[in-house]
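# Coordinate analysis (summary)
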Amino acid sequence: MSNKDNKTAKLSIGEKNYEFPIYEGTVGPDVIDISSLYAQTDNFTYDPGFTSTASCESKITYIDGDAGILLYRGYPIADLAENASFLEVCFLLLNGELPTEDEKGEFEHAITYHTMLHDQMITLFNGFRRDAHPMAIMVGVVGALSAFYHDSTDVTDAKQRLIASRRLIAKMPTIAAMAYKYSVGQPFVQPRNDLDYASNFLHMCFSVPSEDYVVNPIAAEAMDRIFTLHADHEQNASTSTVRLAGSSGANPFACIAAGIACLWGPAHGGANEACLKMLTEIGTVDQIPEYIARAKDKSDPFRLMGFGHRVYKNFDPRATIMQETTHAVLKELNIEDPLLDVAVELERIAREDEYFIEKKLYPNIDFYSGITLRALGFPTSMFTVLFALARTVGWISQWNEMIEDPKQKIGRPRQTYTGHTERPFKNISER
Ligand code: SDX
């Protein structure tokens, strides 16, 4: 950040005037440093949901919501989705640059050779009911990693942070596949070192001991691209959760488990599951007007899942790529999904509707992802699990950046209190 022109923001409260430095990033809005506001003015700022608050300085991901731009370390998401593997994107997010051939080989080998889980962790799964939501299993098992890999929990040791980061990226597909297999009552399938990251995941999910399983390369390519689209997204709710948990010095596995818990919400990563349920409930194109009306009705809590975004007030660039991927997968797998017709028509109607135009509500990444994931063979209960699998590299990259930031301290927001002032205790006979 630079304050090269010594720009300041002026604030007057009553008769007093205050000035606060304004810093510029490389691109995007300037920030007003108000860290001394309370000390100088005895006032807090008030910003529920942090709509106007930058929580940190970051070099990882940049979003321009008005222009529909998403950059990972400066590279446009469309270029990465088209030209890079998910593991190349993981290296980029973690290290700041795309890997050379040698770096790519070393990183792929390191991830491949950390995909197995400690065998004792497998008994953890048996503690869950078979009908447990796979996200409940993910929160539990990922949090438990710190009980098995405590040789990589010292956040002050860069070597331990590196191994924990690689273990998490490597083991999330194995845990996610086991959560799926557990929910369908099939035996766990161990990872294979001769398969690439996405193929290995599909193999662990869909192969069974009773017959050979050959990964469809189009499905693997689509899976890999879906991981890239979901990898990071600056300071979204779950990433902010990971940063806040990490600011206390909690170990990386506990922080990622906290991120998974936050992502689960239907307003966030749970929207892909909620969106497919919504499309299923709508059922046919002729039912769409009723649901559009409900989404606009303030007295009705119904919202169009997969529409709207805190930052994007234009098309979510990921949704565009996701839509293309959906069409390619359905064509390649020769699947006619009526829900795609509903989704395409719903998008067309919504985007012509004054309400959605005025409120700048566009399809987000969750609008088409569910149709693709269903075509790949996943049940809706696994959709957010796949989001968490892909977002782990973003979470852990942001966590590393925070730990290495000399300015970082424990996150501890304040409040405006509107409760009772001090009052005397009342005995029960007086209440
Ligand atoms: C993700 O932050 C990220 O980066 C998240 C994410 C990532 O990669 O990490 O991109 C992933 O979470 C994508 C979003 C997935 N969620 C959904 O699809 C759920 C449906 N969308 C909404 O719940 C909502 O749009 C949010 C939560 C995504 C954003 O909400 P905001 O920014 O708090 O905006 P808002 O709720 O105040 O909406 C602004 C207006 C409101 O109307 P008014 O109060 O101004 O009259 O738009 C309306 C809302 O009622 N609105 C919708 C709507 N979304 C917003 N109306 C109908 N349907 C919708 N989907």
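These remarks concern the structure in this document. For clarity, every value in this text was computed on a predicted model and none was experimentally measured.

So, how was this worked out
- Sequence order as written defines residue numbering, which begins from 1 separately in each chain.
- Thresholds applied to this predicted model are a pLDDT of at least 70 for local features of residues and 80 or more for the giving and counting of side-chain atom pairs; totals over whole chains, interfaces and linings are not thresholded and use all residues.
- For side-chain calculations, the full set of non-hydrogen atoms in the structure is used, while hydrogens and water are omitted.
- We call a residue near a molecule or strand when any one of its heavy atoms sits within 4 Å of it.
- Polar contacts here mean pairs of N or O atoms no more than 3.5 Å apart (in protein, one a potential hydrogen donor and the other a potential acceptor; neighbouring residues in sequence count only if both atoms are side-chain atoms).
- Any residue that is not Ala, Val, Leu, Ile, Met, Phe, Trp, Tyr, Cys, Pro, Asp, Glu, Lys or Arg is counted as polar, Gly included; the first ten are nonpolar and the last four charged.
- Criterion used throughout: strands pair if DSSP finds at least two bridges between them.
- Secondary structure elements are taken from DSSP: a helix is a run of H or I of four residues or more, a strand is a run of E of two residues or more, and numbering for both begins at the N terminus.
- Classification of residues uses two cut-offs on accessible area relative to the type maximum, computed with a 1.4 Å probe and protein chains only: under 20% is buried, over 50% is exposed, and between them is partly exposed.
- Buried residues of nine kinds, namely Ala, Val, Leu, Ile, Met, Phe, Trp, Tyr and Cys, make up a nonpolar core once their side-chain atoms join them within 4.5 Å.
- Only heavy atoms matter for contacts: two residues are in contact if any of them lie within 4.5 Å across the pair.
- In this analysis an axis means a line fitted to C-alpha atoms, helices contributing only their contacting stretch, and an angle means the value between N-to-C directions, from 0 to 180 degrees.
- With respect to orientation, any angle under 35 degrees is reported as roughly parallel, any angle over 145 as roughly antiparallel, any angle of 65 to 115 as roughly perpendicular, and every other angle as oblique.
- A pairing counts as a salt bridge when a side-chain nitrogen of Lys or Arg comes within 4 Å of a carboxyl oxygen of Asp or Glu.
- The aromatic pairing rule takes the rings of Phe, Tyr and Trp, using the six-membered ring of Trp, and pairs them if the centres are within 6.5 Å, calling planes under 30 degrees apart stacked, those over 60 edge-to-face and the rest tilted.

Close to the ligand lie 24 residues, the nearest being His-233, Leu-304, His-309, Arg-310 and Arg-318. Within the contact set of the ligand, an oxygen atom lies 2.7 Å away from a side-chain nitrogen or oxygen of Arg-318. Side-chain polar atom of Tyr-355 to a nitrogen atom of the ligand: 3.1 Å apart, as the coordinates give it. The residue makeup of the shell around the ligand, split by class, is ten nonpolar, seven polar and seven charged.

Before going further, it helps to examine the sheet that holds strand 3 (residues 31–32). Read across the sheet, three strands follow the order 1-2-3 without closing on themselves; strand pairing throughout is antiparallel. Both edges of this open sheet fall to strand 1 (8–13) and strand 3, since each of them pairs with a single strand only.

On to unusual backbone geometry. We note that Asn-6 has phi near 50°; this positive angle belongs to a residue other than glycine. Mapped onto the secondary structure, Asn-6 falls in the segment before strand 1. Even without being glycine, Arg-73 reaches a positive phi, approximately 50°. Here Arg-73 shows up in the loop between strand 5 (69–72) and strand 6 (75–76). Residue classification places Arg-73 among the partly exposed residues on the basis of a relative accessible area of 22%.

Let us now look at the nonpolar core. If you look at the biggest cluster of nonpolar residues, it comprises 115 residues, and the most contacted ones within it are Val-142, Phe-201, Met-223, Leu-304 and Phe-378. In contact with Phe-378, other than residues within four places in its own chain, are Phe-201, Leu-202, Cys-205, Phe-206, Met-223, Leu-373, Phe-383 and Leu-386.

Turning our eyes to something else, we now look at the sheet that holds strand 6. Strand order in the open sheet formed by three strands is 4-5-6, and the pairing between neighbours is antiparallel. The open sheet has two free edges, formed respectively by strand 4 (61–64) and strand 6, since each of these has just one partner strand.

Inspection of the sheet shows strand 1 paired to strand 2 (residues 16–23) by six bridges, in the antiparallel sense. Within strand 2, the position partnered with Leu-11 by the bridge is Tyr-18. If you look at the hairpin formed by strand 1 and strand 2, you'll find two residues sitting between the two strands, and Gly-14 has a positive phi there, around 60°.

Let us now look at the environment of Cys-90. In this fold, Cys-90 is placed in helix 3 (residues 86–95). Note on Cys-90: relative accessible area 0%, which makes it buried. Separated by 207 residues in sequence, Cys-90 and Asp-297 place their C-alpha atoms 42 Å apart. When neighbours within four sequence positions are excluded, Cys-90 is seen to be in contact with Phe-107, Ile-169 and Val-393.

Here the focus is the packing of helix 7 (residues 158–184) against helix 18 (residues 383–403). Viewed as axis vectors pointing N to C, helix 7 and helix 18 meet at an angle of 170°, and their least axial separation amounts to 9 Å. With respect to helix 18, the element helix 7 is oriented roughly antiparallel. Packed against helix 7, whose contacting residues are Arg-161, Ser-165, Leu-168, Ile-169, Met-172, Pro-173 and Ala-176, the element helix 18 presents Val-385, Ala-388, Leu-389, Thr-392, Val-393, Ile-396, Trp-399, Asn-400 and Ile-403 at the interface. Tallied by class, residues from the contact of helix 7 with helix 18 come to twelve nonpolar, three polar and one charged.

Before going further, it helps to examine the pattern of salt bridges. Tallied over the entire structure, the rule returns 24 salt bridges. Several salt bridges converge on common partners, so that one network encompasses Glu-57, Lys-59, Asp-405 and Lys-407.

What follows is about the packing of aromatic side chains. Each pair of aromatic rings is reported with the distance of its centres and the angle of its planes. For the structure shown, the criterion picks out 18 aromatic pairs. Consider the rings of Phe-201 and Phe-378, whose centres lie 5.8 Å apart with planes at 15°: the pair is stacked. Placement of the pair is Phe-201 in helix 8 (residues 197–206) and Phe-378 in the loop between helix 17 (366–375) and helix 18, with a sequence separation of 177 residues. Taking relative accessible area as the criterion, Phe-201 reaches 0% and is therefore assigned buried. Here Phe-367 and Tyr-368 contribute two aromatic rings whose centre-to-centre distance is 5.0 Å and whose plane-to-plane angle is 85°, an arrangement assigned as edge-to-face. Given a relative accessible area of 1%, Tyr-368 falls into the buried group. By the ring-pair criterion, three or more aromatic residues cluster together here, those being Phe-86, Tyr-180, Tyr-197, Phe-201, Phe-206, Phe-227 and Phe-378.

These results come straight from atomic positions and should not be treated as a statement about function.
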